[in-house]
Each structure stands twice: as structure tokens, then as C-alpha cells.
Amino acid sequence: MNSKPPEKKASFSSRMQSSVMGAPSNLKDWHAQSKGPSTKYMPSRPGDRLKTAEELQAGSSILAAQRAHAEAHRPPPPPMRGRQASYGSTASSEAPAPTSSYSRPAPAASAPRSTPAPPYSHAAKHDLPSQLAGMSIGGGARPKPFSQYDENDKQEFFGMLDEASIVIPTPTSTPTPPAAAAPPRAPLSTRPPPLSTASSYASSTPSFTADPSLPSYPPPQPHGSSAETLLHYILHTPSQPLWFLDPSPTPPPIKGRNDIRWTGSWSQCNDQKQCVGFVLFGDTSCCWYSIEWSARDEKGARLGDHNIRREGRYRPIAGGWDGEKLYNASETYGPAVADFARRAVAGRRPIGNGECWTLAAEALNEVEARGGVPKPWPSIGRTHGMVLFWGRAGGSGGGMGEWRAEDVYVRPGDIVEWRKVTIRTVGMQRGAYAKLGDPDHTAVILSASPPSTPPTPNSPFPIASLVSLTVVEQSAGKVPTEAEYDMSAMTEGEVWIYRPAGLVDMVGTEVRADWPPSCESWEV
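What counts, and at which threshold
- Residues numbered from 1 in each chain as written.
- Predicted model: local features only at pLDDT ≥ 70, side-chain atom pairs only at ≥ 80, totals over all residues.
- Heavy atoms only, no water.
- Helix = DSSP H or I, 4+ residues; strand = E, 2+ residues; numbered from the N terminus.
- Areas by Shrake-Rupley, 256 points an atom, 1.4 Å probe, with all protein chains shown as cover.
- 1 Å grid on protein atoms, 1.4 Å probe; cavity = no way out; pocket = protein on both sides within 12 Å on 5 of 7 lines; lining within 4 Å.
- Points joined across faces, edges and corners; volume = space filled by probe spheres on them.
- Nonpolar A, V, L, I, M, F, W, Y, C, P; charged D, E, K, R; others polar.
- Buried < 20%, exposed > 50% of the residue type's maximum accessible area, 1.4 Å probe, protein only.
- Pairing = 2+ DSSP bridges.
- Salt bridge = Lys/Arg side-chain N within 4 Å of Asp/Glu carboxyl O.
- Phe/Tyr/Trp six-rings, centres within 6.5 Å; stacked < 30°, edge-to-face > 60°.
- Lys NZ or Arg CZ within 6 Å of the ring centre and 35° of its normal.
- Polar contact = N/O pair within 3.5 Å; in protein donor to acceptor, adjacent residues only side chain to side chain.
- Core = buried A, V, L, I, M, F, W, Y, C linked by side-chain atoms within 4.5 Å.
- Contact = heavy atoms within 4.5 Å.

Caption draft 1: Region of the structure containing the overall build of the protein chain. Within the protein chain one finds 8 helices and 14 strands. When the accessible surface of the protein chain is summed, it comes to about 32,200 Å², and 54% of that surface belongs to carbon and sulfur atoms.

What follows is the structure in C-alpha cells.
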């Protein structure tokens, strides 16, 4: 009997990086408290006279008689349902106090927070009914057109206008269609629409695009994300080199790149060999791949597209976080990142190799080393977490960008990336300016001014509305220092602002080569 040979397994990894109106709480039941229509806000009309005391008293007596008659003939309340005591609790025989159908329940008490978050939006929405809702004119009768008004009607109408401010809605022949709602985000368990099978692979080297409405980073991809583009190469490129036979089998499109995290392993069971890998990209997409083949075919040099099994899955670019989740990420990682930057200034020594990017990368590495919180997203390429904002200067401080988050504040511990920027610091002498980025520059934000214009998520936003950013930065030959930049004086270049966040929260997994993936993923 042949026994099953032991499984051989090897692993390898690479970590590559580079340089309304809310209703008042004491609102009373209007129907229960009112004594009839008030004359205070009723417009007077020609010929009206004040009622005598006898007439007012008589009217009051009639109203009192009507209320007494209604009270005497009020139908009895419906019988209350019996309440059964839950296990471990004592049922009360006392009936609950009746609640008015017009009163609002008291809001549930929220857990206290040591540092309350500023509001995520400056626009308050309410669900109060419209003042015109449910109103009928003349008991439901069709109103008389103004063209048919006689002199008495017109005199009465204009007399009312003199006493009150009335807004008359003007109907339009073609109603304005409502804004199209954003399509719901597809669940990861759902296979997306089929994509092109083109085998071209876009270069990962950052380069400026001709379209000023698009950021130069991350670089555009032919298949939506870096992960999808790589999988299209692995799965759909015929007659590609047998790169998976190398001792360190790196897919050719990512070989030599320093803006990714990659790990892989291979194993053999009997005659069957398998190579699996995982790649995390700077655009926050990631992918897994698996390649299987026969050792006999490999030995006989018979490997080809017909006898190699290739599989792959991916997760798209991270996004869709609400304001509360982004705020919680700031509370979890922001204070530690900002504290690292302050200590770097006090230490008066370069961090790591002294490059600007290293300051932010080492801050996130220290947060991970301290423990106690989920592992943060590491600095990969020019990405340091969830992107909040991107913008491009338009000259004379007139640049525009896009606010991509529902948290409308830049907070301590956020990280800013500059690319070929010309800007002034606050208080800089007239005519002077600073150049940031050759081509890129990284800094840790200590504080930021509240935006002068409330941003709307996923909408255009002026760079100047950021007002100012106070940052800690370093560069080769320069120790960490603080600087405050005037965002209204940014006349050239691009800027990104990132929110440090948990790695698993962003991409659903750690950097680990496993097949099949242990989290939700998509097929190409």
C-alpha cells in the first residue's frame, strides 16, 4: 500500500514601500390646549367691528356647551391588552399612562463621549409636515380664478395681503425632475458585470493625466482597479511566461514595484503543485490568485495554457464609509499619530532615513507596534488610509477638488500628501512662497481650521475652503518641524488628505496568501 507522501510547503513574502428643526421637548397637544382660533393673527377686513363683552361671553358659553356635549358623548376607550411578564421580571398591574397621538416620544439617551464629534453635516433635515399639506379651499370646492374676481373679491384679497405675508407657489408647466439617487453599492458576494478581457497592464508609475478633473494618483487602470488589472493579466493573458516556477514567483506586472504589499506560497501534494499569492495595492484594492499544475508536465516541459489551472478573486477600491465610522477611525488612530509627530519635533532628530514619507509611515508602524487597536492600514505608495479629499490648484488660490467623505472635518492625525505644490505659509512675507514635493511630499496634520464652506460628501469643494493646515514635516537634511500652510494661497499642484484607519476594516483581510480567500471577494 502506498502511503501519502508528506506535503512540502514553502512561503515567501515581500513588503515593498517607497520615499428643523427639532420639536421642543415641552410641546403640548395643540388640540387639547387651544380654545378656538386666535384673533391675534387674523387679518381685519373693511367693515369689521370689535365684539362687545356680552357677545364674547355668549360665544364662550356656546363653545363651553359644545365641549360638554362632546365630552358626554365620547366613546369609551378600547380595552387594553394584557401584558405578560417576561422571565425574571415582575409584571406591573398598573396601566401605563396614556400617550397623546400628537406628542413626540423622548429620544433615546446616547452614550456619553469624552470628546463630542462636530456635526457631520451643516444642513438639518426634518420630517415636519408641510404647512399646506392636507389644506382644502372652500371645503374642497374648486377655487375661483383671479380673472373672475369682482371688485369686492379683489378688495378683500388685497386687504389680506396688506396684513399678512403670503407665499403663493407658482406652478410650472414642466416639473423639475428630482436628482438621480446614487445606485446602491453591490454586495461583495455578487459577481460584478463582465469586464473587458484586454491583456494590457497600465504602468503603476504615477504620472499626471491630461484630464484636470481626475487625480494623477492612483494612476488610471484599464479594468477599474489595480487588483482587477493584475488578475486580467494572470487569468487571460495567453502564453505568458511560466513565472510561477521561479523560486520567488512574482507576477511580472508587479515585479520591482515598491507601492504594493505582496506575499505568496507554494505547496505540493503528490503530483500536484500549487502557487498562491496575495497583492495589496495603493489604490486600496487587493486580489488573490491560485495557479495549479502537474509536476510530471513541468518535468516533461509540457506545461501550457491547456494544462494550467488559473483562478483569481479580488476586492474593489475601499469606500462608502459613513461619517460615524470615519470619526471613530480618527478617535482610534489620530491621537497616537499626532502624538508621534509632536515627539518627533521635540526630539529634533530625523525619523528613519529622514525622508518625508518615512515620518508618516513610522507613525503608523508605531501605532501597530503598541497594540491595543486593530492593525492600521500601512503607508503604501502615497496612500495612508481612507481618502477624505483631493484637489488640484487652479492658479491664484482658485483650485477645486472633491470632498469624498461624510466626515466634513480634517482632524489631528490625518495625513496630507502634496504633489508639485506652490503654496505660502501663514505669515510668510509678501512675494515669498514654498515648494512642496519633488514630486511628492508627506506631512502629518496636527490641527486644521474648520472649513469656511460646509462640504457636501462626494461633491466639488474649493481648496481655499480648507483655510489652513498645521502639519509636522521633515525632509532629507531637515529635522521634523511644524508649519502652517495657507490653503487659499495654493497656486500649483495637487493635494490629498487621508484618514488613518484599520486595515481589515478597509479591505476585509490582512496581508496573507490563502486560497480560497477567507473574506468576501469578487470573481473577474
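Caption draft 2: Structural view of empty space enclosed by the protein. A volume near 60 Å³ is recorded for the largest cavity. Contributing to the lining of the largest cavity are 11 residues, with Pro219, Ser226, Arg257, Asp259 and Asp283 lying nearest its centre. Grouping the constituent residues of the lining of the largest cavity by class yields 4 nonpolar, 4 polar and 3 charged.

Caption draft 3: Expanded view of the pairing of strand β6 (residues 386–392). Among the 7 residues that make up β6, 6 are buried, leaving the element largely enclosed by the rest of the structure. As judged from the 6 bridges shared by β6 and strand β13 (residues 492–499), these two strands associate in the antiparallel manner. Opposite Phe389, over in β13, you have Ile497 as the bridge partner. Relative to strand β7 (residues 400–403), β6 runs antiparallel, the two sharing 4 bridges. Bridge assignment links Phe389 to a residue of β7, and that residue is Trp403.

Caption draft 4: Focus on the pattern of salt bridges. Following the criterion strictly, the structure yields 22 salt bridges and no others. With a closest N to O distance of 3.4 Å, Arg404 and Glu402 form a salt bridge. Salt-bridge contacts for Asp407 lead to Arg499; the nearest nitrogen and oxygen are separated by 3.2 Å. Placement of the pair is Asp407 in the loop between β7 and β8 (415–425) and Arg499 in strand β13, with a sequence separation of 92 residues.

Caption draft 5: Representation of the pairing of strand β2 (residues 260–269) within the structure. By the criterion of burial, β2 is predominantly enclosed, with 8 of the 10 residues buried. In textbook terms, the turn of a hairpin is the stretch between consecutive antiparallel strands, and for β2 and strand β3 (residues 272–281) this stretch comprises 2 residues, one of which, Asn270, has a positive phi near 60°.

Caption draft 6: The packing of aromatic side chains, seen in detail. For the coordinates displayed, the defined rule picks out 10 aromatic pairs. A centroid spacing of 5.8 Å and a plane angle of 80° characterise the contact between Trp243 and Phe244, whose relative ring orientation is edge-to-face. Per residue, the accessibility class of Trp243 equals that of Phe244, and both read buried. Relative to Phe461, the ring of Trp403 has its centre 5.2 Å away and its plane inclined at 70°; by these criteria the two rings are edge-to-face. Of this pair, Trp403 sits in strand β7 while Phe461 sits in strand β10 (residues 459–462), and the two are 58 residues apart along the sequence. With relative accessibility at 1%, the residue Phe461 sits in the buried group. Clustering of aromatic rings is evident, with ring pairs tying together Trp243, Phe244, Tyr289 and Trp293. Taking the ring centre of Trp321 as reference, the NZ or CZ of Lys325 above it sits at 4.4 Å.

Caption draft 7: How the structure looks around the side chain of Thr237. Relative to the helices and strands, Thr237 is located in the loop between α4 (226–236) and β2. In this structure the side chain of Thr237 is engaged in a polar contact, spanning 2.8 Å, whose partner is the backbone oxygen of Tyr233.

Caption draft 8: How the structure looks around α4. Extensive coverage of α4 is indicated by the burial of 9 of its 11 residues. Listed in full, the buried residues belonging to α4 are Ser226, Ala227, Glu228, Thr229, Leu230, Leu231, His232, Tyr233 and Ile234.

Caption draft 9: Spatial organisation of the nonpolar core. Judged by nonpolar contacts, the single largest core of 40 residues is most densely connected at Val416, Trp418, Leu469, Met490 and Ile497. Sort the elements by how many residues they give to this core and β8 lands first, with 4 residues. The contacts of Val416, once residues within four sequence positions are left out, are His441, Thr442, Ala443, Ile445, Leu469, Val471, Val495, Trp496 and Ile497. Residues Leu230, Ile234, Trp243 and Trp522 belong to the second largest nonpolar core, which totals 21 residues.

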